[in-house]
2 protein chains.
Amino acid sequence: MKDNFRNIHKVISSYIDISDKEWACYASKFRIQEFEKKSIILNEGNICRDVFFVNKGLLRVYFIDNNGEEKTFHFALKNTFIADYESFFKRNPSNYSIQAMEDTSIVLVSRDVLEHGYKVLRNGERLGRLLAEDYLFICNDKLLAIYTQTPLQRYHNLASEFSNIFQRIPQHYIASYLNISSVHLSRLKSNTNKNT
Amino acid sequence: MKDNFRNIHKVISSYIDISDKEWACYASKFRIQEFEKKSIILNEGNICRDVFFVNKGLLRVYFIDNNGEEKTFHFALKNTFIADYESFFKRNPSNYSIQAMEDTSIVLVSRDVLEHGYKVLRNGERLGRLLAEDYLFICNDKLLAIYTQTPLQRYHNLASEFSNIFQRIPQHYIASYLNISSVHLSRLKSNTNKNT
């Protein structure tokens, strides 16, 4: 069991100072769950009851736009947290769905556990603040990218943040993430390969 | 001076429990500044060195998109906080500009003051977390609105959140906020008025 929580321990320790005793108490409340490739971890319309830490594998966050089309909003890589935070904190129906892109192992942190952490960890509130700030930066970057970057710039940014993306994710999800057609994405890839 | 901080005291007290003694110490470090209508409070490319609390008046947050057009991102109303949080926390050049839409009075909270608050207020980190979460919800709602709402839905949402917007903000800024042309906005308004 201990090994399952090694990654999340490392990540949380990079945010805050946490003693071994604090960690043992906090981590005893985490759950771990394995999901097969293509499993749905959160369904749009359901309340998001956990924050998900990707221990191994890869998740895709998506929603349905006003044309009824599925749009990929975010890829959550190993060693990152993901949730529909608005649904999680406000207990509203989720606007997003989350799906495993590969066989994926997740550490689940429920709201009760998170709130318990705010109270009992010396730096619990600080951890919450830093995680909220990080996710705020992700949302802010996505918003700005929609308005201020061309599809080619968004493509380069994705490829540089996520080096083996084309081996791990089907092309139509990447196109949907970039908000372009699969044909447009093929053209970008082929032009980029010609120029390198 | 005390009266200048009555609004921010009320808002902060709605987030956390803060004693009179704590408040007196914290608020002694705030600055207040008056800006005339149309003044630029933050220029894109500069580092955002303060969080701004709108004590009176109204601010507009905007940026330049990849067609060189100005896009209004957010209107910050009285009794709300605003900043380019990414620039503020990471000390990067700001991606946004902020302008006073009316004669506006602002309480400025510098990063040093905010960080001092994290340490000395019993609930300083909690305040930071709750403010970050609130701004995260704003960004998340904006992102979803772009993809999942029609211009008419966005128009209704804006009008319901901000009842006298058409008396206070020139139409072209509202159109830019809704990401539609001024002609399109006039048509929406006129259709809405006909139906009410």
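Overview of the structure.

### Focus on helix α9 (residues 182–194) of chain A
Residue and element names in this part refer to chain A.
Point 1. The first and last C-alpha atoms of α9 sit 18 Å apart over 13 residues, in line with the 18 Å expected at 1.5 Å per residue.
Point 2. Within α9, the full set of buried residues consists of Leu185, Leu188 and Thr192. Taken around the axis of α9, the buried residues stretch over an arc of 60°, which confines them to a single face. Residues of α9 that are exposed and angled more than 90 degrees away from the buried face: Val183, Asn193 and Lys194.

### Thoughts on unusual backbone geometry
Point 1. Backbone geometry at A:Asn179 places phi at a positive 60°, although glycine is not the residue there.
Point 2. Along the chain, A:Asn179 turns up in the loop between α8 (171–178) and α9.
Point 3. Given a relative accessible area of 35%, A:Asn179 falls into the partly exposed group.
Point 4. You will see that B:Asn79, though not glycine, has its phi angle at about 70°, which is positive.
Point 5. With respect to the helices, strands and loops of the structure, B:Asn79 is situated in the loop between β5 (70–76) and β6 (81–82).
Point 6. Residue class for B:Asn79 comes out partly exposed when judged on its relative accessible area of 31%.

### Focus: the interface of chain B and chain A
Point 1. Taken together, the contact between chain B and chain A spans 34 residues of the former and 35 residues of the latter.
Point 2. Counting the surface lost from both chain B and chain A, the interface buries some 3300 Å², and carbon and sulfur atoms represent 67% of this.
Point 3. As a salt-bridge pair, A:Glu125 and B:Arg129 come within 2.6 Å of each other at their nearest N and O atoms.
Point 4. Inspection of the region where chain B meets chain A yields 12 residue pairs in polar contact (both at pLDDT 80 or more).
Point 5. Put simply, the parts of the chain that give the side of chain B that touches chain A at least two residues each are β4 (59–64), β5, α3 (85–90) and α5 (124–148) of chain B.
Point 6. Sort the elements by how many residues they give to the side of chain B that touches chain A and α5(B) lands first, with 18 residues.
Point 7. Tallied by class, residues from the side of chain B that touches chain A come to 16 nonpolar, 8 polar and 10 charged.

Rules behind the numbers
- Residues numbered from 1 in each chain as written.
- Chains lettered and ligands numbered in written order.
- Predicted model: local features only at pLDDT ≥ 70, side-chain atom pairs only at ≥ 80, totals over all residues.
- Heavy atoms only, no water.
- Helix = DSSP H or I, 4+ residues; strand = E, 2+ residues; numbered from the N terminus.
- Expected span 1.5 Å × (residues − 1).
- Buried < 20%, exposed > 50% of the residue type's maximum accessible area, 1.4 Å probe, protein only.
- Arc of directions from axis to C-beta.
- Contact = heavy atoms within 4.5 Å.
- Buried area = accessible area lost by both parts, 1.4 Å probe.
- Salt bridge = Lys/Arg side-chain N within 4 Å of Asp/Glu carboxyl O.
- Polar contact = N/O pair within 3.5 Å; in protein donor to acceptor, adjacent residues only side chain to side chain.
- Nonpolar A, V, L, I, M, F, W, Y, C, P; charged D, E, K, R; others polar.

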